[in-house]
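Structural overview
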Amino acid sequence: MFSIEPSRRSANGAGGEAGSDMSEVVLQQAASLSVAADRTRVLGRLALVDRLFRQVTRAAAVIVLVILGGVIVSLVYGSWPAMKAFGFGFLFSQSWNPVTENFGALPAIYGTVMTSIIAMLIAVPVGLGIAIFLTELCPYVLRRPIGTAIELLAGIPSIIYGIWGLFVLAPFLQSHVQPALIAAFGDIPVFSTLFAGPPYGIGMLTAGFILAIMVLPFIASISRDVFETVPLVLKEAAWGIGATTWEVTRYVVIPYTRVGVIGGVMLGLGRALGETMAVTFVIGNAHKISGSLLAPGTTISATIANEFTEAVGDLYTSALIELGLILFFITFVVLAVARYMLMRIEQKSA
Amino acid sequence: MISTIFRRGAGAALALAVMCGAAAAIDISGAGATFPYPIYAKWAEAYKKETGSGLNYQSIGSGGGIKQIKARTVTFGASDQPLKPEELEAGGLIQWPQVIGGIVPVVNHAGMAGGDLTLSGETVAKIFLGEITKWDDPAIKKLNPKAKLPSAPIVVVHRSDGSGTTFNFTNYLSKVSPDWASKVGANASVEWPVGIGAKGNEGVANNVANTKGSIGYVEYAYAKQNKLTHTKMINKDGKTVTPSMESFQAAAAGADWAHAEGFYEILTNEPGAKSWPITAATFILLPKESKDEAAAAEALKFFSWAFASGGKMAEELDYIPMPKPVVELIKKTWTSVKGSDGKPLSLLTRPN
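The rules behind the values
- Numbering of residues starts from 1 in each chain and follows the order in which that chain's sequence is written.
- Going through the entries in the order they are written, you letter the chains from A and number the ligands from 1.
- Only residues with pLDDT of at least 70 get local features here, since the model is predicted, and only at 80 or more are side-chain atom pairs given and counted; chain-wide, interface and lining totals rely on the full set of residues.
- Computation of side-chain values: all heavy atoms of the structure, hydrogens and water removed.
- Here a helix means four or more residues in a row that DSSP labels H or I, a strand means two or more in a row labelled E, and each is numbered from the N terminus.
- Radius of gyration: over C-alpha atoms. The globule rule applied is 2.2 Å multiplied by the number of residues raised to the 0.38 power.
- Three labels apply to residues, based on accessible area from a 1.4 Å probe with only protein chains included: buried if under 20% of the type maximum, exposed if over 50%, partly exposed otherwise in between.
- Strand pairing is assigned whenever DSSP detects at least two bridges linking the two strands.
- Whether two residues are in contact is decided by their heavy atoms, any of which lying within 4.5 Å being enough.
- Between N-to-C directions, angles span 0 to 180 degrees; the directions come from axes that are lines fitted to C-alpha atoms, helices contributing only their stretch in contact.
- By the criterion applied in these results, polar contacts are pairs of N or O atoms within 3.5 Å in which, for protein atoms, one can donate a hydrogen and the other can accept it, and in which residues neighboring in sequence qualify only through two side-chain atoms.
- Orientation labels follow simple angle bins: below 35 degrees gives roughly parallel, above 145 gives roughly antiparallel, 65 to 115 gives roughly perpendicular, and whatever is left gives oblique.
- Three categories are distinguished: nonpolar for Ala, Val, Leu, Ile, Met, Phe, Trp, Tyr, Cys and Pro, charged for Asp, Glu, Lys and Arg, and polar for the others, with Gly belonging to the last.
- Take a side-chain nitrogen of Lys or Arg and a carboxyl oxygen of Asp or Glu: if they are within 4 Å of each other, that pair is a salt bridge.
- A helix's residues, less one, multiplied by 1.5 Å, set its expected span.
- Fitting axes to the seven residues ending at a residue and to the seven starting there, one defines the bend at that residue as the angle between these axes.
- By convention, the term buried area covers the 1.4 Å-probe accessible surface removed from two parts as they join, with the contributions of both added.

1. Regarding the overall build of chain B
Broken down by element type, chain B carries 14 helices and 13 strands. By the compact-globule yardstick of 20 Å for 352 residues, chain B fits well, its C-alpha radius of gyration being 22 Å. For chain B, the spread of C-alpha atoms along the principal axes amounts to about 80 × 55 × 35 Å. Sorting the 352 residues of chain B into buried and exposed places 56% on the buried side.

Here it is, written out as structure tokens:
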């Protein structure tokens, strides 16, 4: 039976267990008034709050879609003059001449893709290695500090990476690493072009290194989190029949966590594709495609960062915006491919 | 409690406004060439001490400066690449040369001091075209019989942004090398055949300082301030000259400012036994009609002050102040900068 005395409990906002408190309080008060009409009024208020909640969250989701759509529309609108002037040839042209207004995206696209591939080739094995070490082999005392240190790497602003790359890494690579690479691969047929040229210090390889360092924390911490979700039962079963640590990792942990690891790698790849400031400092800003990894190049974001403030004329600005649209498209394709791969994996395992 | 905070805050704001009002300080903004940034920064500091008005100059390159002033986002623009009279008309701008400086090639070789290496215009053009790739090339050896040149590859450093320094440098190379003129040409932004790009004079200076065996081109003040090794050059008359106030002045002596429309004069490859071959004037662009008249008037005051009292500071950094007769010509053109009442803003400047 409802109590007749007015309740002193304060009503919190709607939702959750506080909501049930509130409904209780309200229903108690309703009992002491004329029942039918007030009951409808009270229930109506609850329904209103519920409806409001639903609409607000729906609006939040719609706003995200609207913003995304708005970005796509403004990119297309901004790049329309360039698209009209160059057509599809823009994607395959190598020239970048602001004077004759002849622009081509190929060096920038090549640079973006190459630096990201170099970054992934370095960061994925190292990141997975860190995650495996932290979950399987590391002494318990060291796990928190090393984990925190890896995550701190993610917190360093990208421009600091750029400055460090330009003042510390590049001279080091120029005096010690690059001459060694050039000398070592000088005679081997394919690698001699891959590692040819004067040792600039900055260039695609340096940019790839720095991107690898920036992407590493994402891959390492996501992989570690995912590795920790492997049920101990599975691992113990494997150990129980005599599997070594490596065999457990290779045949139990990694297959179980495939989906999460690939998700982490894709997140890292997304960051590597779009990274601007760190790359701009060390990429060398040469609108050329060179066979050598040691040569300077450019990426889409580095080109836009360098040239947007002074792009005089509609066609120049529009060409830069079209580069932005191409990057947006590349990122979209990468994410779609990742999703598709994950879907296939889940289908196979189901 | 909130009302106390509010009252205190309002009181502080009022005091600040009164102080600012009492100083009658108007802040002006400018953007553009990195070439004159060292001297503009020095002038701005001294001017602020004297009058309290601050100058906020963004050194983003001549291309950026031209774009910003055309969009009227700053009070004045600065560019080493002068605009042609038609462009000035179209943009509603006036332009005048503020100061003259020299562009010097700088190299990075351990143990080499400033002026140890001599280069000719042709050689520099070939280096930047990628035709000369090693430091011990016969062409460089011929000019420097006694220098110890390593057999190292030449790392070329150029500008990645739209730069008046690049404009003057490529203008010079086009004059001395027909090959360069046909393959690359002269402009603020060109398709460089080889080399790495850096942002601003500052970027090129940094890259050359950090990269062994590199060569770049910077305004002389940057070479001095960053302790870079500059080279000597062979000028139009075939004489070897070293960058200095003297050689810049010798090059500037031949300029005919009185007959140049919009003061459009390029000072590269000037004749004269002592002339430095890559000398350049740097220009200020001011709109004929600005929305912010107070800022435009203050800008004219600042440049007038710079012409009158800034000469010594300029010379300390090896910039050449404009000669007095040219300053008179320049001040006459300021009468076309008008306020909304149609009267020239320069009438508001203090007579200097």
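2. Regarding the sheet that holds strand β10 (residues 232-234) of chain B
Residue and element names in this part refer to chain B. Spatially, β5-β10-β11 is the arrangement adopted by the three strands of the open sheet, whose pairing is mixed. Whereas interior strands pair on both sides, the edge strands pair on one side only; in this sheet they are β5 (118-120) and β11 (240-241). Sheet topology places β10 next to β11; two bridges connect them, and they run antiparallel. Residue Met 233 lies in a different strand from β11, and its bridge partner there is Val 241. Against the sheet, helix α5 (residues 121-129) makes contact with β5 and β10, and its axis sits at roughly 85 degrees relative to β5, the strand it touches most.

3. Comments concerning the side chain of Thr282(B)
All names here are of chain B. When you line up the elements, Thr 282 lands in strand β12 (residues 279-287). Since its relative accessible area comes to 0%, Thr 282 is described here as buried. A polar contact of 2.8 Å, which involves the side chain of Thr 282, links it to the side chain of Asp 80. Setting aside chain neighbours within four positions, we find Thr 282 in contact with Ala 33, Phe 35, Pro 36, Tyr 40, Ser 79, Asp 80, Trp 96, Pro 97, Gln 98 and Val 99.

4. Quick notes on the packing of helix α2 (residues 37-51) of chain B against helix α12 (residues 293-309) of chain B
Residue and element names in this part refer to chain B. Closest axis-to-axis distance for the α2/α12 pair is 11 Å, and the angle between their directions is 110 degrees. Regarding the angle of α2 to α12, the classification is roughly perpendicular. Counting all contacts with α2, which are made through Trp 43, Ala 44, Ala 46, Tyr 47 and Glu 50, the residues of α12 involved are Glu 298, Lys 301, Phe 302, Trp 305 and Ala 306. Among the residues making up the contact of α2 with α12, the classes are represented as seven nonpolar, no polar and three charged.

5. Re the pattern of salt bridges
Opposite charge on two side chains permits them to pair, given that their charged atoms come into close proximity. Tallied over the entire structure, the rule returns 14 salt bridges over all chains. Between Asp50(A) and Arg54(A) there is a salt bridge, and its shortest N-O distance comes to 3.3 Å. Of this pair, Asp50(A) and Arg54(A) both sit in helix α2 (residues 35-86), four residues apart, which is roughly one turn of the helix. Judged by its relative accessible area of 49%, Arg54(A) falls in the partly exposed class. Salt bridges linked by common partners bring Glu131(B), Asp179(B) and Lys183(B) together as one network.

6. Description of helix α9 (residues 245-274) of chain A
Counted at 1.5 Å a residue, the expected span for α9(A) with its 30 residues is 44 Å, but the 37 Å between its end C-alpha atoms falls short. If you look at α9(A), its biggest bend is around 70 degrees, right at Arg258(A).

7. Some thoughts on the interface of chain A and chain B
At the junction of the two partners, chain A supplies 27 residues and chain B supplies 27 residues. Buried area between chain A and chain B, both sides added, is near 2100 Å², and the carbon and sulfur share of it is 50%. For the pair chain A and chain B, the interface holds zero salt bridges. Linking chain A to chain B there are seven residue pairs in polar contact (both at pLDDT 80 or more). Elements with a contribution of two residues or more to the side of chain A that touches chain B: β1 (96-97), α5 (158-184) and α11 (300-307) of chain A. Per-element accounting of the side of chain A that touches chain B gives the leading share, five residues, to α5(A).

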